[in-house]
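As a plain string of letters, each chain reads:
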Amino acid sequence: MDFSTKTIHFNQGSDPVTGSIHAPIYQTATYQQEGPGEHKGFDYSRTNHPTRKRLEGVLARRRSTSREFFASSAGQWDRLRETLFGESFYLWALLDLLDPQMTVGDLGCGTGQLTAILAPHVRRVVAVDGSTDMLETARTRVSGCSNVEVRKGELEALPLRSGELDLAVLSLVLHHA
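Residues numbered from 1 in each chain as written. Predicted model: local features only at pLDDT ≥ 70, side-chain atom pairs only at ≥ 80, totals over all residues. Heavy atoms only, no water.

Asks: Looking at this structure, I do not really get the overall build of the chain. What am I missing?
Replies: If you tally the helices and strands in the chain, you get six helices and four strands. Taken from N to C terminus, the helices and strands of the chain fall in the order α-α-α-α-β-α-β-α-β-β. Classification of the 177 residues of the chain by burial places 32% in the buried group. Taking as baseline every contact in the chain between residues at least 6 positions apart, the subset at least 24 positions apart corresponds to 52%. Total accessible area on the chain is roughly 11200 Å²; 54% of this is exposed by carbon and sulfur atoms. (Helix = DSSP H or I, 4+ residues; strand = E, 2+ residues; numbered from the N terminus. Buried < 20%, exposed > 50% of the residue type's maximum accessible area, 1.4 Å probe, protein only. Contact = heavy atoms within 4.5 Å. Areas by Shrake-Rupley, 256 points an atom, 1.4 Å probe, with all protein chains shown as cover.)

Written out as structure tokens, the structure reads:
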């Protein structure tokens, strides 16, 4: 099984009624109940729905696998990225777009390589990542940059105030929303 197949069918299980790998999409909005509040797990589609429940489970497993991957590859990430994409595939075009007064968010900052490159060119960089191991490496890398703040957080709930950033950068971010 190649990677794309694993991604599509990753740990989804099969439908308990039909055995289908591709679960049925339930288009109903209401469910029969034996009496008030006596339902079979689903009462109204806006509060609980079998299709949404299955999707949420798949996405949670994918997020977990992503976290495990990045935690296990933090020490080799810079070398892996360079092998796959070259030494500085994105840097020069990005630096030309910056204003020195900007506050830039490096979202999904990983090991902080881009954060360290951005820091001398802007007023402030806020580096955010969900992996503790990646952030450890990033903190070491940017320890000499007084205008960088490293924060732990997920893309779905960024640890940022509204309007805090002038520009957000996401580079090589693996994300499941």
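Asks: Which parts of the structure should I look at to understand the sheet that holds strand β2 (residues 124-129)?
Replies: Through backbone hydrogen bonds, the strands of a sheet pair up, either in parallel or in antiparallel fashion. The strand order across the open sheet formed by four strands is β3-β2-β1-β4, and the pairing between neighbours is parallel. Both edges of this open sheet fall to β3 (148-152) and β4 (167-169), since each of them pairs with a single strand only. The sheet shows a mean angle of 20° between the axes of neighbouring strands, taken without regard to direction. Relative to β2, strand β1 (residues 103-107) runs parallel, the two being bridged by five bridges. The residue bridging leucine 107 from the neighbouring strand is valine 128, located in β2. The sheet strands contacting helix α6 (residues 132-141) are β2 and β3, and the helix crosses β3 at an angle near 170°. (Pairing = 2+ DSSP bridges. Axes fitted to C-alpha atoms, helices over the stretch in contact; angles between N-to-C directions.)

Asks: What is the right way to look at the environment of arginine 123 in this model?
Replies: Residue placement: arginine 123 occurs in the loop between α5 (113-118) and β2. When the C-alpha atoms of arginine 123 and methionine 102 are compared, they prove to be 5.6 Å apart, with 21 residues separating the residues in sequence.

Asks: Hey, could you run me through the pairing of β1 in this one?
Replies: For a regular strand, side-chain orientation follows a simple rule: the groups alternate between the two sheet faces. When you tally the buried positions in β1, you get five out of five residues, the bulk of the element. Burial along β1 is two-sided: Thr103, Gly105 and Leu107 and Val104 and Asp106, pointing in opposite directions, are all buried. Handedness of the crossover is the feature at issue here: the chain leaves β1, passes through α5, returns alongside β2, and the resulting connection is right-handed. Relative to β4, β1 is paired through three bridges, and the arrangement is parallel. For aspartate 106, the partnering residue across the bridge sits in β4 and is valine 169. (Right-handed = clockwise from strand over helix to strand, strands pointing away.)

Asks: So what exactly am I meant to see when it comes to the environment of serine 131 here?
Replies: Within the fold, serine 131 resides in the loop between β2 and α6. Under the relative-accessibility criterion, serine 131 is labelled buried at 8%. As a C-alpha pair, serine 131 and glutamate 154 span 23 residues in sequence and 8.9 Å in three-dimensional space. The contact partners of serine 131, leaving out residues within four places of it in the chain, are Phe70, Ala71 and Lys152.

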